[in-house]
Amino acid sequence: EPEVTQTPSHQVTQMGQEVILRCVPISNHLYFYWYRQILGQKVEFLVSFYNNEISEKSEIFDDQFSVERPDGSNFTLKIRSTKLEDSAMYFCASWDIVSGANVLTFGAGSRLTVL
Amino acid sequence: DAKTTQPTSMDCAEGRAANLPCNHSTISGNEYVYWYRQIHSQGPQYIIHGLKNNETNEMASLIITEDRKSSTLILPHATLRDTAVYYCIAETSGSRLTFGEGTQLTVNP
């Protein structure tokens, strides 16, 4: 069954460092998403991406965050200068139509720990 | 997007049916009811969705009331591996999914 692949599974970084989280969405999907989940809290929407541009972003997705699709397969989330509060699981997802409605397939996540 | 209300937690015996309720009294006509689950800290997993009619797939059944103000997810024969947080989400197709607190389902041996 097709799946969304995320790397790394776990990254530890120092506060202020740049981090890039990578995702390979399902190949024929066209919409891509990043969500995050701080430990013990809800899954929160960060950003959606379609046709090589951001289609929607949340208030969490500030200037420290950026996304891009550098080639035909990868979809990346960059955090320019990490803060302690960026520690979370980050989930990539891609979108397909199932029975007339969009259905998201999520990756296993990348755990980011900021020290 | 319509707000959904779910119980915080539920228990179910292994092998029995798990019935997870969800209220979405403000749902609009073009909003689907989606169910996802999250096992530990894994990525959310799609289970099923519906608009008006009841739906069934290999994982579960979804019963939507005629007025669409509530729904029930049914796992017909719960196993220990079904222990997870189950999210009911009412959204229009193409919109971002907004996750709430969900229901922690614990399947007991």
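Residues numbered from 1 in each chain as written. Chains lettered and ligands numbered in written order. Predicted model: local features only at pLDDT ≥ 70, side-chain atom pairs only at ≥ 80, totals over all residues. Heavy atoms only, no water.

Secondary structure summary: chain B contains zero helices and nine strands in total. N-terminal to C-terminal, the α/β element order of chain B is β-β-β-β-β-β-β-β-β. Here chain B has a C-alpha radius of gyration of 13 Å; the compact-globule value for 109 residues is 13 Å, and the two agree. Dimensions of chain B along its principal axes, counting C-alpha atoms only, are 40 × 30 × 25 Å. Taking all 109 residues of chain B together, 44% fall into the buried category. Residue pairs in contact within chain B that sit at least 24 positions apart in sequence constitute 56% of those at least 6 positions apart. Within the structure as shown, chain B displays about 5,400 Å² of accessible surface, and the carbon and sulfur contribution to it stands at 47%. When the 8 positive and 11 negative side-chain charges of chain B are each reduced to one mean point, those points stand 2 Å apart. (Helix = DSSP H or I, 4+ residues; strand = E, 2+ residues; numbered from the N terminus. Rg over C-alpha atoms; globule rule 2.2 N^0.38 Å. Buried < 20%, exposed > 50% of the residue type's maximum accessible area, 1.4 Å probe, protein only. Contact = heavy atoms within 4.5 Å. Areas by Shrake-Rupley, 256 points an atom, 1.4 Å probe, with all protein chains shown as cover. Lys, Arg positive; Asp, Glu negative; His and termini not counted. Charge placed at Lys NZ, Arg CZ, Asp CG, Glu CD.)

All names here are of chain B. Most of strand β3 (residues 31–38) is tucked away, with eight of its eight residues classed as buried. Side chains of β3 alternate between two faces, with E31, V33, W35 and R37 and Y32, Y34, Y36 and Q38 buried alike. As judged from the eight bridges shared by β3 and strand β8 (residues 84–92), these two strands associate in the antiparallel manner. The partner of V33 across the bridge, within β8, is A90. (Pairing = 2+ DSSP bridges.)

A separate point is the interface of chain A and chain B. With 22 residues of chain A at the interface, the matching set in chain B holds 20 residues. With both chains or domains summed, chain A and chain B bury close to 1,700 Å², and 52% of this area falls on carbon and sulfur atoms. Of all residues in chain A, the largest losses of buried area upon contact with chain B belong to K42, V43 and N102 of chain A, amounting jointly to 27% of the total for that side. Across the contact surface, chain A and chain B share one salt bridge. Applying the counting rule to chain A against chain B returns five residue pairs in polar contact (both at pLDDT 80 or more). When residues in the side of chain A that touches chain B are grouped by element, the largest group, five residues, is from strand β10 (residues 101–106) of chain A. Residue composition of the side of chain A that touches chain B, by class: 13 nonpolar, six polar and three charged. (Buried area = accessible area lost by both parts, 1.4 Å probe. Salt bridge = Lys/Arg side-chain N within 4 Å of Asp/Glu carboxyl O. Polar contact = N/O pair within 3.5 Å; in protein donor to acceptor, adjacent residues only side chain to side chain. Nonpolar A, V, L, I, M, F, W, Y, C, P; charged D, E, K, R; others polar.)

On their own, these measurements won't tell you what the molecule is for.
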